[in-house]
Amino acid sequence: MRSTGFRRTFVALSVCSSLALAATACGSGGDGTASGKTRITVNCEPPRSAKVDRGFFEQDVASFEKKHPDIDVVAHDAFPCQDPKTFDAKLAGGQMEDLFYTYFTDARRVVDIRQAADLTPYIKELKSYDSIQKQLRDIYTADGKIYGVPRTGYSMGLIYNRKLFQKVGLDPDRPPATWDEVRADAKRIAALGDGTLGYADYSAQNQGGWHFTAELYSQGGDVVSADGKKATIDTPEGHAVLQNLHDMRWTDDSMGSKQLLVINDVQQMMGSGKLGMYLSAPDNIPILVKEKGGNYKDLALGPMPGGKGTLIGGDGYMFNKHDTPAQIRAGLKWLDHMFLTPGTGFLGDYARAKKANAPVGLPEPRLFTGSADARDQQVKKANANVPVANYQAFLEGNHSLQLKIEPPDAQQIYSVLDSAVSAVLTKKDADIDQLLKEASGKIDGILARG
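Reference entry: report on the structure contained in this document. Bear in mind the structure is a predicted one, so any value in this text is a computation, not a measurement.

Bringing the overall build of the protein into the picture now. From N to C terminus, the protein includes 18 helices and 13 strands. Over its C-alpha atoms the protein spans a radius of gyration of 22 Å, differing by no more than 12% from the 22 Å that the globule rule assigns to 450 residues. By its C-alpha atoms, the protein is 70 × 50 × 40 Å across when sized along the principal axes. Per-residue burial for the protein yields a buried fraction of 58% across its 450 residues. Long-range contacts, defined as pairs at least 24 residues apart, comprise 77% of the intrachain contacts of the protein with a sequence gap of at least 6.

Okay, here's the thing in structure tokens:
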């Protein structure tokens, strides 16, 4: 799964949504030469409707081409950056750009079906590569070979309403650290009445399974075994996830009667000031403010409750298997320029973002390490225009958590887990043991087919 924000001001974007487009419009583009230049097609350009981001992207492409007059960049836009409905068909049909956007969860599959170029012989030409977090780099590494480059990363935490915490006598600088504390705090907040809920969770459109996974990680559990062959949800940790949701819904009545919620429903609740807590990544915060009526000063972020782990995700670029060496070298230079130079480029020019009234100072993405990270954080702090103190607990708490990527065949598994989560939130007499047993069998089947 992914988080909800493309960047600072728009939701995740992409390209070439119609499979009717010809290969010359969306694919690799022949030998990659045009008028003596190396030509590369790239995707995930913001659409014209996202005027600020589109303008920034175009500025950065123009400055890159000025710096590298021997390279011609052809960008494609559409929504979203990677559409699950068309992604596989585009891969199979040879419709992908020379550089194409992928979620972390899809990287291995692209490699397995041999649609990605091997970047290993060229990766030293990517100046930023060694400064990127190794755990994120490894997502695009298979059998010792490098097939892609991370662009952003996120980790899940707990967004909460400081105003409601204060209203019920809770310390707004101390988010709940355990699921027992989440339950107790949610009950106090829900007692305010007038439609106020203490806690909300997703349970439809695969989003319930996504959050079940995050909650399982937070308790120290796993969705699948280390070898990727068997489900590992029918465990004390898996039981605890469903039991906690069941008890908040039915015993405490802190989640309300309306269920089968998806991300937009929960964001609307939080933005309206009627929700105490929900799980999300930091990029939800500007959406809550810009689209849902929230206020930065009222929104805070804590680490995942449970203290053992958190789900991480993100995105990056892979290269078309038909790319020439010249196109790969050009693409690596483009990635350095656009996304991977701390404090500059499309994602890192915080001064430019601040002038455009885009939020600066959110605690993620935290892509780099060492001096590169220090530089990125320094520039971000200097241009911050959001209450960074509200996210300090998240930053400090993440240091002690195990960062875990999503399981293989994530979307299929999430669909199975949706049923278990929705059952405990809609049926008071739901049999948790039976739900976990049935879900385990279905997940084993998915893994066996994979």
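Here we come to the sheet that holds strand β11 (residues 299-303). In spatial order, the strands read β9-β10-β8-β11; together these four strands make up an open sheet with mixed pairing. The open sheet has two edge strands with one neighbour each: β9 (197-199) and β11. Mean inter-strand twist for the sheet, computed between neighbouring axes without regard to direction, equals 25°. Its contacts with the sheet put helix α7 (residues 179-190) on β9 and β10 (275-280), and the angle it makes with β9 is roughly 170°.

Below, the discussion takes up the layout of surface pockets. Its volume calculated, the second largest pocket comes out at about 600 Å³. P363, E364, R366, F394 and L395 are, among the 27 residues lining the second largest pocket, the residues nearest its centre. Elements represented by at least two residues in the lining of the second largest pocket include exactly α5 (134-137), β7 (148-155), α15 (370-382) and α16 (392-398). Here the lining of the second largest pocket gets four residues from one element, more than from any other, and that element is α16. Of the residues in the lining of the second largest pocket, the class split is 14 nonpolar, nine polar and four charged.

Another aspect to go through is helix α17 (residues 410-426). Here α17 is 17 residues long and its end C-alpha atoms lie 24 Å apart, about the 24 Å a rise of 1.5 Å per residue gives. Of all 17 residues in α17, 12 are buried; the element is thus mostly enclosed. Buried within α17 are the following residues: A410, I413, Y414, V416, L417, D418, A420, V421, S422, A423, V424 and L425.

Enumeration according to the criterion identifies 22 salt bridges in this entry. Its salt-bridge partner being D88, residue R109 comes within 2.3 Å of it at the nearest N-O pair. Of this pair, R109 sits in helix α4 (residues 107-112) while D88 is found in helix α3 (residues 87-92), placing the two residues 21 residues apart along the sequence. Residue class for D88 comes out partly exposed when judged on its relative accessible area of 41%. Its salt-bridge partner being R352, residue D349 comes within 3.7 Å of it at the nearest N-O pair. Its relative accessible area of 23% is what places D349 among the partly exposed residues. With a relative accessible area of 13%, R352 lands in the buried category. A cluster of three or more residues bridged by salt bridges with shared partners is formed by E45, R54, E58 and D77.

The next point concerns a negative patch on the surface. On the surface, a cluster of negative charge is contributed by D234, D429, D431, D433 and E438. Structurally, D431 can be placed in the loop between α17 and α18 (432-449).

Thresholds, definitions, all that
Here the residue index of a chain counts from 1 through its sequence in written order. It should be noted that, the model being predicted, local features are given only for residues of pLDDT at least 70 and side-chain atom pairs only at 80 or more, the latter also being counted only at that level, while totals for whole chains, interfaces and linings use all residues. With hydrogens and water set aside, each side-chain value is computed from the structure's full complement of heavy atoms. Helix and strand definitions here come from DSSP, where helices need a minimum of 4 consecutive H or I residues and strands a minimum of 2 consecutive E residues; each element is numbered from the N-terminal end. Radius of gyration means the value over C-alpha atoms here, while the globule rule gives 2.2 Å times the residue count to the 0.38 power. For every residue, the accessible area (1.4 Å probe, protein chains only) is compared with the maximum for its type, and the residue is labelled buried under 20%, exposed over 50%, or partly exposed between those bounds. Any two residues whose heavy atoms approach within 4.5 Å are treated as being in contact. When DSSP finds two or more bridges between a pair of strands, those strands are recorded as paired. Every axis corresponds to a line fitted to the C-alpha atoms, with the helix fit spanning only the stretch in contact, and the corresponding angles, defined between N-to-C directions, vary from 0 to 180 degrees. In this analysis the probe radius is 1.4 Å and the grid spacing 1 Å, with only protein atoms considered; a cavity is a set of points the probe fits into but cannot get out of, a pocket is an open set with protein on both sides within 12 Å along at least five of seven lines, and lining residues have an atom within 4 Å of a point. Grid points are joined across faces, edges and corners, and a volume is the space filled by probe spheres set on the points. Residues are grouped as follows: nonpolar covers Ala, Val, Leu, Ile, Met, Phe, Trp, Tyr, Cys and Pro; charged covers Asp, Glu, Lys and Arg; every other residue, Gly included, is treated as polar. By definition here, a helix of n residues has an expected span of 1.5 Å times n minus one. A pair is scored as a salt bridge if a Lys or Arg side-chain nitrogen falls within 4 Å of a carboxyl oxygen belonging to Asp or Glu. Note that patches include only residues with greater than 30% relative accessible area and no salt bridge, and the join distances are 9 Å for like charges and 5 Å for nonpolar side chains (Val, Leu, Ile, Met, Phe, Trp, Tyr). Note on areas: these come from Shrake-Rupley sampling with a 1.4 Å probe, and a residue is covered only by the protein chains present in the view. In this tally, Lys and Arg are treated as positive and Asp and Glu as negative; His is ignored, and so are the chain termini. One atom stands in for each charge, and that atom is NZ of Lys, CZ of Arg, CG of Asp or CD of Glu.

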